[in-house]
Amino acid sequence: MDAIYASAQLTIIAAGDDPDMGLPGVNGTLRNPQPIYQVRDYTLVSSLTAASASLHQTAWASRGWTYQEGLLSKRRLLFLSDQVYFECNGMHCTEVIHLPLEAMLDKETGKTKTEVSSGGAFAEKTVGDCPWWVMRYVSRFTRRKLSYQSDVLNAFQGIFRVFEKSRYPLYQLMGVPIMLPYATAGLSPLVLTMISRSPEDGFMIGLLWRHHEFRLEDNFRRTGLPSWTWAGWNGRIAESLEFSHSSKSCDFGVQILVEMADRSLLPFPHEYSSLSQFLSQANDVNYIHITAKVSACEILYQKELIGWAKRNHRSPYVALIGGRTRSLCLYFEPDDSINGRLNGYSNSNKPLHGTKFTAIILATEYEHIDWQVSVLVEERGDYAERVGICLTSVRSDVRSVRTRGRLIANFPFATKDKPQKRQLAFEEWVDELPTRTIRLG
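Residues numbered from 1 in each chain as written. Predicted model: local features only at pLDDT ≥ 70, side-chain atom pairs only at ≥ 80, totals over all residues. Heavy atoms only, no water.

(A) Representation of helix α5 (residues 134-141). Counting buried residues along α5, 6 of its 8 residues qualify, which places the element largely inside the surrounding structure. Taken together, the buried positions of α5 are Val 134, Met 135, Tyr 137, Val 138, Ser 139 and Phe 141. Looking at the buried positions of α5, the neighbouring elements they touch are α3 (66-72), α6 (157-164) and β10 (176-178). (Buried < 20%, exposed > 50% of the residue type's maximum accessible area, 1.4 Å probe, protein only. Helix = DSSP H or I, 4+ residues; strand = E, 2+ residues; numbered from the N terminus. Contact = heavy atoms within 4.5 Å.)

(B) Up close: the pattern of salt bridges. Using the criterion set out here, one finds 14 salt bridges in the structure. Between Arg 436 and Glu 379 there is a salt bridge, with the nearest N and O atoms lying 2.9 Å from each other. Of this pair, Arg 436 sits in strand β22 (residues 435-440) while Glu 379 sits in strand β19 (residues 373-380), and the two are 57 residues apart along the sequence. We classify Arg 436 as partly exposed; its relative accessible area is 35%. (Salt bridge = Lys/Arg side-chain N within 4 Å of Asp/Glu carboxyl O.)

(C) Here's a closer look at α6. Every buried residue belonging to α6 is among Gly 158, Ile 159, Phe 160 and Phe 163, and all of these are buried. Buried-residue contacts for α6 involve α1 (2-7), α3, α5 and β9 (171-173).

(D) Geometry of the sheet that holds strand β5 (residues 84-88). Strand order in this open sheet of 4 strands is β1-β4-β5-β6, and the pairing throughout is mixed. The open sheet is flanked by β1 (11-14) and β6 (92-94), the only strands paired with a single partner. Sheet twist, expressed as the mean angle between neighbouring strand axes with direction ignored, is 15°. (Pairing = 2+ DSSP bridges. Axes fitted to C-alpha atoms, helices over the stretch in contact; angles between N-to-C directions.)

(E) Structural detail: the environment of Thr 184. Within the fold, Thr 184 resides in strand β11 (residues 182-187). On the accessibility criterion, Thr 184 (9% relative accessible area) is buried. A sequence separation of 54 residues divides Thr 184 from Cys 130, and the C-alpha atoms of the two residues are 8.9 Å apart. Excluding anything up to four places from it in sequence, Thr 184 contacts Trp 132, Val 191, Leu 192, His 245 and Ser 246.

(F) A look at unusual backbone geometry. Its identity is not glycine, yet Arg 40 carries a phi of approximately 55°, on the positive side. With respect to the helices and strands, the residue Arg 40 is situated in the loop between β2 (36-39) and β3 (42-45). For Arg 40, a relative accessible area of 80% gives the class exposed. Phi is positive for Arg 263, close to 75°, though the residue is something other than glycine. Its location among the elements puts Arg 263 in the loop between β13 (255-259) and β14 (265-267).

(G) How the structure looks around the nonpolar core. Counting residues in each nonpolar core, the largest one holds 78 residues, and the members touching the most others are Leu 173, Phe 203, Trp 228, Trp 230, Val 258 and Ile 288. Non-local contacts of Leu 173, meaning those with residues more than four positions away in its chain, are made with Ile 178, Phe 203, Trp 228, Val 258, Phe 268, Leu 279, Ala 282 and Val 285. By size, the runner-up hydrophobic cluster in this structure holds 21 residues, among which are Cys 297, Ile 299, Tyr 317 and Leu 330. (Core = buried A, V, L, I, M, F, W, Y, C linked by side-chain atoms within 4.5 Å.)

(H) Examining the confidence of the model for the chain more closely. Taken as a whole, the chain shows an average pLDDT of 83; of its residues, 87% reach a score of 70 or greater. A low-confidence stretch, residues 365-371 (pLDDT under 50), is modelled with 28 contacts involving residues beyond four sequence positions or located in other chains. Low pLDDT, under 50, characterises residues 411-415; the stretch is placed with 17 contacts to residues that sit more than four places away or in other chains. (pLDDT = per-residue confidence, 0-100.)

(I) Molecular detail of the pairing of β19. Of all 8 residues that make up β19, 6 are buried, and the element is covered over most of its length. Where strand β18 (residues 356-362) lies against β19, 5 bridges are found, and the strand directions are antiparallel. Residue pairing across strands places Thr 358 opposite Val 377, the latter belonging to β19. Bridge count for β19 against strand β20 (residues 383-391) is 7 bridges, and the pairing is antiparallel. The partner of Glu 378 across the bridge, within β20, is Glu 385. As consecutive antiparallel partners, β19 and β20 are separated by 2 residues, and within that stretch Gly 381 has a phi angle of approximately 75°, a positive value.

(J) Fine view of the state of the cysteines. All chains considered together, the criterion is met by 0 disulfides. The thiol sulfur of Cys 93 is not disulfide-bonded, and the nearest other cysteine sulfur, from Cys 88, lies at 8.0 Å. Given the relative accessible area of 30%, Cys 93 is considered partly exposed. (Disulfide = S-S within 2.5 Å.)

(K) Quick look at the environment of Pro 181. Structurally, the position occupied by Pro 181 is in the loop between β10 and β11. You can call Pro 181 buried: its relative accessible area is 9%. The spacing of Pro 181 and Arg 197 is 16 residues in sequence and 4.8 Å in space, taken between C-alpha atoms. The residues contacting Pro 181, other than those within four sequence positions of it, are Thr 193, Met 194, Ile 195, Arg 197 and Tyr 272.

(L) Broad picture of the packing of aromatic side chains. Taken as a whole and judged by the stated rule, the model has 15 aromatic pairs. When the centroid spacing of 5.9 Å and the interplanar angle of 75° are considered together, the rings of Phe 203 and Trp 228 count as edge-to-face. Of the two residues, Phe 203 is situated in helix α7 (residues 199-206) and Trp 228 in the loop between α7 and β13; the sequence distance between them amounts to 25 residues. Pair check on accessibility: Phe 203 and Trp 228 agree, each one buried. Ring centres 6.4 Å apart and planes at 45° place the aromatic pair Phe 332 and Phe 357 in the tilted group. Within this pair, whereas Phe 332 is found in strand β17 (residues 326-334), its partner Phe 357 is found in strand β18, the two being separated by 25 residues in sequence. For Phe 332, a relative accessible area of 0% translates into the label buried. Put simply, the rings of Tyr 67, Phe 141, Phe 156, Phe 160 and Trp 230 pair up and form one aromatic cluster. Directly above the aromatic system of Phe 122 lies the positively charged group of Arg 76, at a separation of 5.2 Å from the ring centroid. Arg 439 extends its terminal NZ or CZ atom over the ring of Tyr 287, reaching a point 3.8 Å from the ring centre. (Phe/Tyr/Trp six-rings, centres within 6.5 Å; stacked < 30°, edge-to-face > 60°. Lys NZ or Arg CZ within 6 Å of the ring centre and 35° of its normal.)

Rendered as structure tokens:
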């Protein structure tokens, strides 16, 4: 689809609510009249609702398949219920306002003057160069609805193709981006510094996605897709991965193998230049094998999080991740109802309290302990499924948590320890943990 939109001279968008209604204003299809008011000797004519507001209210703007249509087209002729609207990647103009081109064009920017129009119908008109922005587009796409849940990757494939052809080619496996060996040194303008990160570690970073909000009515599992990819879940995904794009960390002590249809295992290539060939073999993957530090984990209900959780649609749970002599406590964000265990959930009950999962410890080489992230999985016979993610973005006071081992105070206000001391305690804790291989589907 990216090639079709890129080659088209013009994309006609019928932004109606009914696919059979036709184009408003064409061949007898009615459209909303333009309000006109007579005040004494003056005639007042409405400039109509801004195109962005009109478009936002249409069914077209809520459909998953139309997201790449608006983003990847070079020129768009938009039929709204009250007027026709034109927008290219530089300018936009409305049917209701007639002005000479030189009066509308800002010659310095090559765009429509702000005093002529407040903005176009489309907030985004092109895919940017920064590979870290990929999750921004995933987030906006996952706000939308699909009639067939199995279309999720195909409906976003055109945007992935544009990233593959960009200045910094970004590839993906089942929707999970394989982040490039670059750290951002600046975003405006974009400045990237090359580092020695491998494709395997780049994929591990791509696994650190989460839902934007904790909404059980929206966040449910899609059948036929693995749990480790955002595409395996309905619900809006957060705009960024749980990883600092400026981090130069490269070695995370994790090995990831891709399981093929014949149950053979395919390792990631050592060089990014070999990714295209690798992905041609691993094009429909259900299982990956992750060899990493793991730990038993217990979910605990945190009463002091209730008010914050209600206001922000987040969960009031933390995960107590145990070690041999000490434990770590992180905020827990469930991915969905976890096989119905959260059905009928409210912030006043605690159906997950005491539930046991397995924590895969990822990103263990960060400069500061507050960046630590773990993915929680539920083991089911010969495989496991992701059930949520643990992170430290929520500054929960965990001093009330009781554990047999010493609790590592990873939240700054809960301890007077210096960051270096906390980091050393974390490294010692990781060294205590066993290494296991988990088959994640």
